[in-house]
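# Structural overview for review
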Amino acid sequence: MQALTTRSKVAVDKKMTLKERLYLPAIIGGMAITLKHFFMKKVTIQYPEQTREFAPVYRGQHVLKRDDNGAERCTACGLCAVACPAEAITMTAAERKKGEENLYREEKYASVYEINMLRCIFCGLCEEACPKEAIFLTDRKVDSEYQRGIFVYGKDKLVEKMDERVDVSKRQTKEVIEFKKHPEYAHNQLNKTLK
């Protein structure tokens with residue numbers, strides 16, 4: 001069998017010095033490092049009594065937003081599911097019935113919307129892909145559980161409650177907020193003439 005390289009490594013049988021054979025300098029050096037760390041400030045926090053402050057762009061649990069009238073923003077277009085690299089999002093679309101105008105903004109809505117939190121990598125591509133600004137990642141942590149099935153979050157856990165609105169303004173850049181101030185670019189406003 002021929003070698004993959006022409007380089008050869010020469011093994012040297014070098015004798016250890018007296019200092020190396022005693023191991024004392026190595027032990028003293030290791031103890032010095034240990035003592036130095038012993039007197040340093042501790043970085044451990046006492047969780048859950050103490051918590052670290054998260055960055056404003058921290059990506060945690062998802063939320064499906066409602067508009068100002070309380071209607072769900074999601075139109076089940078599927079762009080978030082297509083953009084998800086982990087294939088964690090699944091949904092089923094349905095058509096809005098007469099009398100449900102206050103529940104859903106558009107004619108089409110997601111009757112089933114599920115995110116498998118065990119597959120999700122919290123990349124944020126779903127919120128970037130959403131044209132209706134319906135899904136956002138919040139600063140909330142995903143709760144720990146003992147069974148895997150609990151981690152498939154449906155609309156019961158994802159849709160925000162009207163009395164517990166989730167502030168996502170930290171997730172939007174200054175450019176997006178400035179863009180929304182212009183009425184001629186109101187691509188995401190509910191068209192009042194359609195009612």
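Scroll up to find the structure.
To start, this report covers the structure provided alongside it.

Scoring rules and cut-offs
Residues numbered from 1 in each chain as written. Predicted model: local features only at pLDDT ≥ 70, side-chain atom pairs only at ≥ 80, totals over all residues. Heavy atoms only, no water. Helix = DSSP H or I, 4+ residues; strand = E, 2+ residues; numbered from the N terminus. Buried < 20%, exposed > 50% of the residue type's maximum accessible area, 1.4 Å probe, protein only. Phe/Tyr/Trp six-rings, centres within 6.5 Å; stacked < 30°, edge-to-face > 60°. Contact = heavy atoms within 4.5 Å. Salt bridge = Lys/Arg side-chain N within 4 Å of Asp/Glu carboxyl O. Pairing = 2+ DSSP bridges. Patch = residues over 30% accessible without salt bridge, like charges linked within 9 Å, V, L, I, M, F, W, Y side chains within 5 Å. Areas by Shrake-Rupley, 256 points an atom, 1.4 Å probe, with all protein chains shown as cover.

This paragraph deals with unusual backbone geometry. The omega torsion of the bond from Tyr47 to Pro48 falls at 10°, within 30 degrees of zero and hence cis. Tracing the chain through its elements places Pro48 in the loop between α2 (24-38) and β1 (62-64). One non-glycine residue, Ala76, lies in the positive phi region at around 55°. With respect to the helices and strands, Ala76 occurs in the loop between β1 and α3 (79-83). For Ala76, a relative accessible area of 6% puts it in the buried group. Its identity as a non-glycine residue notwithstanding, Glu133 has a phi of 50°, on the positive side.

Turning to the packing of aromatic side chains, a few remarks are in order. Scanning the entire structure with this criterion turns up 3 aromatic pairs. Residues Phe54 and Tyr58 carry aromatic rings whose centres are separated by 4.3 Å and whose planes lie at 20° to one another, so their mutual orientation is stacked. With a relative accessible area of 39%, Phe54 lands in the partly exposed category. Measuring from centroid to centroid gives 3.7 Å for Tyr104 and Tyr109, while their planes differ by 10°, and the two rings are stacked. Tyr109 carries the same exposure label as Tyr104, and that label is buried.

Moving on to the side chain of Thr75. Its place among the elements puts Thr75 in the loop between β1 and α3. The contacts of Thr75, once residues within four sequence positions are left out, are Glu106, Lys108, Tyr109 and Lys132.

Where side chains of opposite charge bring their charged atoms close, a pairing between them can arise. Inspection of every chain in the model, using the stated rule, returns 6 salt bridges. Lys155 serves as the salt-bridge partner of Glu72, at 2.9 Å between the closest nitrogen and oxygen. Of this pair, Glu72 sits in the loop between β1 and α3 while Lys155 sits in helix α5 (residues 155-158), placing them 83 residues apart in sequence. The exposure class assigned to Glu72 is buried, which follows from its relative accessible area of 11%.

A separate point is the sheet that holds strand β3 (residues 108-116). Spatially, β2-β3-β5 is the arrangement adopted by the 3 strands of the open sheet, whose pairing is antiparallel. Because the sheet does not close on itself, it has two edges, and the strands there are β2 (89-95) and β5 (152-153). As judged from the 2 bridges shared by β3 and β5, these two strands associate in the antiparallel manner. Each bridged residue has a counterpart across the sheet, and for Asn116 the counterpart in β5 is Val152.

Turning to a nonpolar patch on the surface, a few remarks are in order. Among the surface-exposed residues, Met16, Leu18, Leu22, Tyr23, Leu24, Ile27, Ile28 and Met31 lie close enough to one another that they form a single nonpolar patch of about 870 Å² accessible area. Those elements that provide at least two residues to the nonpolar patch are α1 (18-22) and α2. Broken down by element, the nonpolar patch gets its largest block of residues, 4 residues, from α2. Of note, Ile28 is situated in helix α2.

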